[in-house]
Amino acid sequence: MLITLAVLVAVFFIVTGFWTDLLWYRSLGNGFSGVFTTQLRTRVLLFVLGGLLMAAAVGANMVIAYRLRPAYRPVSVEQQGLERYRAAVDPHRKAVFFALLGALALFTGLSSAGQVGTWLAFMNRTSFGEKDAQFGMDVSFFVFTYPFLRLILGFLFVMVVLSAIAAVAVHYLYGGLRLQGPGDKASPSARAHLSVLVGLFVLLKAVAYWFDRWGLAYSERGKVTGPGYTDVNAVLPAKTILAAIALICAILFFVNIWRKGMMLPGVGFGLLVLSAILIGGVYPLLIQQFQVKPNELAKERPYIERNIEATRDAFGVSGVEEQNYTPNKQPDAEQVEKYSETIPNVRLLDPMLLSPTFLQNQQLQGYYTFGNPLDIDRYPDADGKMQDTLVAVRELTGPPGTQSGWVNEHLTYTHGYGFVAAPGNTVDPQSKGPVYTASDMPQSCEVKTKGGQCQFAIKKPQVYFGEQSPAYSIVGVQEELDYPNGPRTTYDGTGGVRMDSFFNRVAYALKFRDRNILLSGNIKEQSRILYDRNPRERVQKAAPWLTVDGNAYPVVADGRIVWIVDGYTTSNGYPYSERINLQDTTRDSNTERPAVGRQPGSEVNYIRNSVKATVDAYDGTVTLYAWDEKDPVLKTWQKAFPGTVKTKADLEKNLGGEVFEHVRYPEDLFKVQRSVLRSYHVTDPSAFYDGQDAWEIPVDPTETTITEPPFYLTLQMPSRDDKSEPEQPGFSLTTTYVSRNGRNLTGFLAANSDPNSDNFGELRLLQVPREVSILGPGQMQNTFKGNDKVAPVLNRPAGSTTQVVYGNLLTLPFGGGFMYVQPVYQQSATGAKYPVLGWVLVSFGDQIGFATTFEDALKQVLQPGTNVPTTGDDTPTQPTTPGSSPSVQQAIDAVKQAFQESQDALKSGDLKKYAEAQDKLSQAINNLVEVQAKAEDAEPAATPSPTPTN
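For the structure given in this document, a descriptive report is provided here.

### A look at the overall build of the protein
Right, so step 1: Along its length, the protein carries 26 helices and 29 strands.
Right, so step 2: Dimensions of the protein, computed from C-alpha atoms along their principal axes, come out at roughly 120 × 80 × 55 Å.
Right, so step 3: When burial is assessed residue by residue, the protein has 54% of its 950 residues classed as buried.
Right, so step 4: Within the protein, contacts between residues separated by at least 24 positions form 69% of all contacts whose residues are at least 6 apart in sequence.
Right, so step 5: Entry remark: accessible area of the protein is about 40800 Å², with carbon and sulfur atoms responsible for 56%.
Right, so step 6: Side-chain charges of the protein comprise 85 positive and 93 negative groups, with the mean position of each set lying 14 Å from the other.

What follows is the structure, encoded as structure tokens:
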């Protein structure tokens, strides 16, 4: 009775779990319920098919072994001991038989049901239209068919092995096999039965040897992934020979059914083992050792070339435009003039640091927060000119501690509120913080378009689906809180699941282990339960065949807040392509932040940004759009789940086309591609083999222990030749490279991220010649910190009341060279820690600028020896210190005094005094630079400039 009750309870939990999942998929709309039903049908099919086949095969062999039991068993101690077991088993033989087969079917079925992806990919496979170089087979065979064949082969191996074990056990139990006593150790029937099973095993081994030939497409024996010289000239023929020998050996086992004794199959099996050792192991080893190693480059050259071509194709970098770029070290007036449009667009606000500042200025209520890091997007200013913009939504953290309780947690505090935006290149002169173009509660309208409309006119500012939304909320009946003293709201969207039946309430009470869902009188038939609300997780669950980007970002389109999530189709079966670990490759200082998700640690060797997904922040609607409509992997999954992916043209029309305006090149794809290009920017097999031109991704100079993230920037790429003008400024995703054994800058990679550009997605790689020595990001950071103009201001003594925080070190092609820009922030060491912009560091060639504004710092770099004039001189006279002239010492003391005044103002929270002190500090720094320049003209400085190392 108890067992029956336990089974019924377990079944009820399983049924309610399936039911709530089905309701969730139905709530998405856009045909996603088909994703659930297709997966469910396929799992049931594989569960039943796998379980029945395994149970039938093993059960049939057990029955055969039982029926072939000998009628007479010679008397022996062994048989006397077995008789007791037979006496115990026989009365319950059928029950034991079916119990064992049931357990076997269950475990096999569960294992088979987990292969849904492999089955669906094979059944809906799409041709790549490309042939592999070795076997002449379509690439789709290796991506879709080969994994399925390996799956089937593995299943058959397990089936034969388990059948053989079961047959041996039954034969031994009933006397068909004997370890003791006179005469044959096996009856003729048992020998024939086991010969068939061993023959089947060896036959499968012959098939496995044949499949191994195709598996050489992923060989790691040579210098690179894919078949090398030894694989093609030794392993490949060896696998063919071994397949033939195994086939002959299997036939000998089958022939043994009619022969007495095991000599013939034994000889065949021994030959197979010996051949596997000599032909499959020793012979390739000798070829590798004595033919390949002495002349490895010559032997491996064509196979390295295959790997380079396949890897670049598989990771989408075959079309990267490579350009030799010899940067200037001194400003060139003519070149600088050509890049003048870049200057106003330089981003001074670091999205990795400014979340606390957004929180300080725009949290407004203690139960809201912002993502960390903030996101970067593009929005037009009042004149319609696009500018880089820091964006975020207010996310809900939950009710205040004094107002906690089930009703508040799940029925009242249910959503975030509002969209906040600030141009990345603009700093408030008073607060030294962001200038907000979208802010406040209710949602304000700081910027209007030329037509007089609010740029961020949001009809539904409530954020019910966000990156930090509660586990579940129940909405649609009770008034919900936006902000105190504001109008209450009641959810009227279509998101979530209706709680319109008692069974639904029971199901969700079980799902969330919360009896209040069942007992609360505040839940009515029109109530809706919202859960699985994170945009990334929502897209991943809706499209389990996708790998989603780690960073979803919010946009305002047609009056709605919408999340954009990039989706990738991946594979680890692309022939000859190098495999990378997705998690390791995409990890950088950005992924250490809570708002950025980490990729799984899977191995992939093919990736495409095939899908752009949107998630409506109000109703949770998930929509998938085909971005790379030619991708064969995407086409395969579209066949498997028809109707779930809309066209690219649909995206261009969605919400008045405004979502399309905010599409950008995805970060994780770019990280994978920049990692691949560390080595695969080299296309010559000889140079690739030497590895002398291999690069590294620099460590984040502000973190010192982890890779620097790529940056979204508006910049001008240089002309594609010496005769044409630089490119027009464009939104790009950028990264740098440094030398493998040093830290000099060796390359700059940019991906066009402007969806309105004909060249969206174009990768351009600027390669710095080896003989040119340019400081890399880490070296430049050290140079900034050690500069004699910078160190006296930014180096803080222990116990200082304020801290200096270095922002992202940006690298931009500029004026025929590279310009480094780094904002430097300061924040209180205690209390409310939020950074405000203090200074800007700029470097071009050998010049360094340091000022409180970007324009002043840039002027110091572009016009060496001249500085921004001061508006007055209120620097007090101070005693001099040994080694400095009175004028230099006075300037240094003035800087210190102005700096201390700004810190005192910041600590006290007096923003007006802080702004005045900052102006004074700017004048003092400029005066110090001017005085130092005059002193250096009179007496050259003794400290040499840092010399870059190779």
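Having seen it, we continue.
### Quick notes on the sheet that holds strand E3 (residues 375-380)
Strand pairing in a sheet relies on backbone hydrogen bonds. The paired strands run either parallel or antiparallel.
Right, so step 1: With respect to topology, 3 strands assemble into an open sheet ordered E3-E4-E7, the strand pairing being antiparallel. Both edges of this open sheet fall to E3 and strand E7 (419-423), since each of them pairs with a single strand only. Strand-to-strand twist in this sheet, taken as the mean axis angle between neighbours without regard to direction, amounts to 40°.

### Considering the packing of helix H8 (residues 229-255) against helix H9 (residues 263-292)
Right, so step 1: The N-to-C vectors of H8 and H9 enclose an angle of 180°; their axes lie 9 Å apart at closest approach. The pairing of H8 with H9 is recorded here as roughly antiparallel in orientation.
Right, so step 2: Considered class by class, the residues forming the contact of H8 with H9 number 22 nonpolar, 7 polar and no charged.

### So, the nonpolar core
Right, so step 1: Ranked by internal contacts, the top residues of the largest apolar core, which has 193 residues, are Phe419, Ile517, Trp545, Leu624 and Trp839.
Right, so step 2: Ranked by the residues each element gives to this core, the list is headed by helix H6 (residues 139-173), at 10 residues.

### Quick word on unusual backbone geometry
Right, so step 1: Residue Pro373 is bonded to the preceding Asn372 through a cis peptide linkage, with omega at 10°.
Right, so step 2: Between Met441 and the following residue, Pro442, the backbone shows a cis peptide bond with an omega angle of 0°.
Right, so step 3: Take Pro442: it is sitting in the loop between E7 and strand E8 (462-463).
Right, so step 4: The phi dihedral of Leu364 is positive, around 65°, even though this residue is not glycine.
Right, so step 5: Structurally, the position occupied by Leu364 is in the loop between helix H12 (355-362) and strand E2 (368-369).
Right, so step 6: Unlike most non-glycine residues, Tyr576 shows phi in positive territory, near 75°.
Right, so step 7: By the secondary structure assignment, Tyr576 is in the loop between strand E14 (560-571) and strand E15 (580-581).
Right, so step 8: For Tyr576, a relative accessible area of 5% puts it in the buried group.

### Re the packing of aromatic side chains
Two numbers describe a pair of aromatic rings. These are the distance of the centres and the angle of the planes.
Right, so step 1: The full count for this structure, using the stated rule, is 49 aromatic pairs.
Right, so step 2: Aromatic side chains Tyr339 and Phe814 sit 5.8 Å apart centroid to centroid with 55° between the ring planes, which places their arrangement in the tilted category. Remark: Phe814 occurs in strand E26 (residues 810-814) and Tyr339 occurs in the loop between helix H11 (333-338) and H12; sequence separation between them is 475 residues.
Right, so step 3: Through a chain of ring-to-ring contacts, three or more aromatic side chains come together here, namely Phe135, Phe141, Phe142, Tyr146, Phe211, Trp214 and Tyr218.
Right, so step 4: Stacked on the ring of Tyr689, the Lys or Arg Lys223 has its end atom at 4.9 Å from the ring centre.

### Observations regarding the side chain of His410
Right, so step 1: Within the secondary structure, His410 is located in helix H13 (residues 406-412).
Right, so step 2: Those residues in contact with His410 that sit more than four places away from it in its chain are Tyr472, Ser473, Ile474 and Asp514.

What counts and how
- Residues numbered from 1 in each chain as written.
- Predicted model: local features only at pLDDT ≥ 70, side-chain atom pairs only at ≥ 80, totals over all residues.
- Heavy atoms only, no water.
- Helix = DSSP H or I, 4+ residues; strand = E, 2+ residues; numbered from the N terminus.
- Buried < 20%, exposed > 50% of the residue type's maximum accessible area, 1.4 Å probe, protein only.
- Contact = heavy atoms within 4.5 Å.
- Areas by Shrake-Rupley, 256 points an atom, 1.4 Å probe, with all protein chains shown as cover.
- Lys, Arg positive; Asp, Glu negative; His and termini not counted.
- Charge placed at Lys NZ, Arg CZ, Asp CG, Glu CD.
- Pairing = 2+ DSSP bridges.
- Axes fitted to C-alpha atoms, helices over the stretch in contact; angles between N-to-C directions.
- Parallel < 35°, antiparallel > 145°, perpendicular 65-115°, else oblique.
- Nonpolar A, V, L, I, M, F, W, Y, C, P; charged D, E, K, R; others polar.
- Core = buried A, V, L, I, M, F, W, Y, C linked by side-chain atoms within 4.5 Å.
- Phe/Tyr/Trp six-rings, centres within 6.5 Å; stacked < 30°, edge-to-face > 60°.
- Lys NZ or Arg CZ within 6 Å of the ring centre and 35° of its normal.

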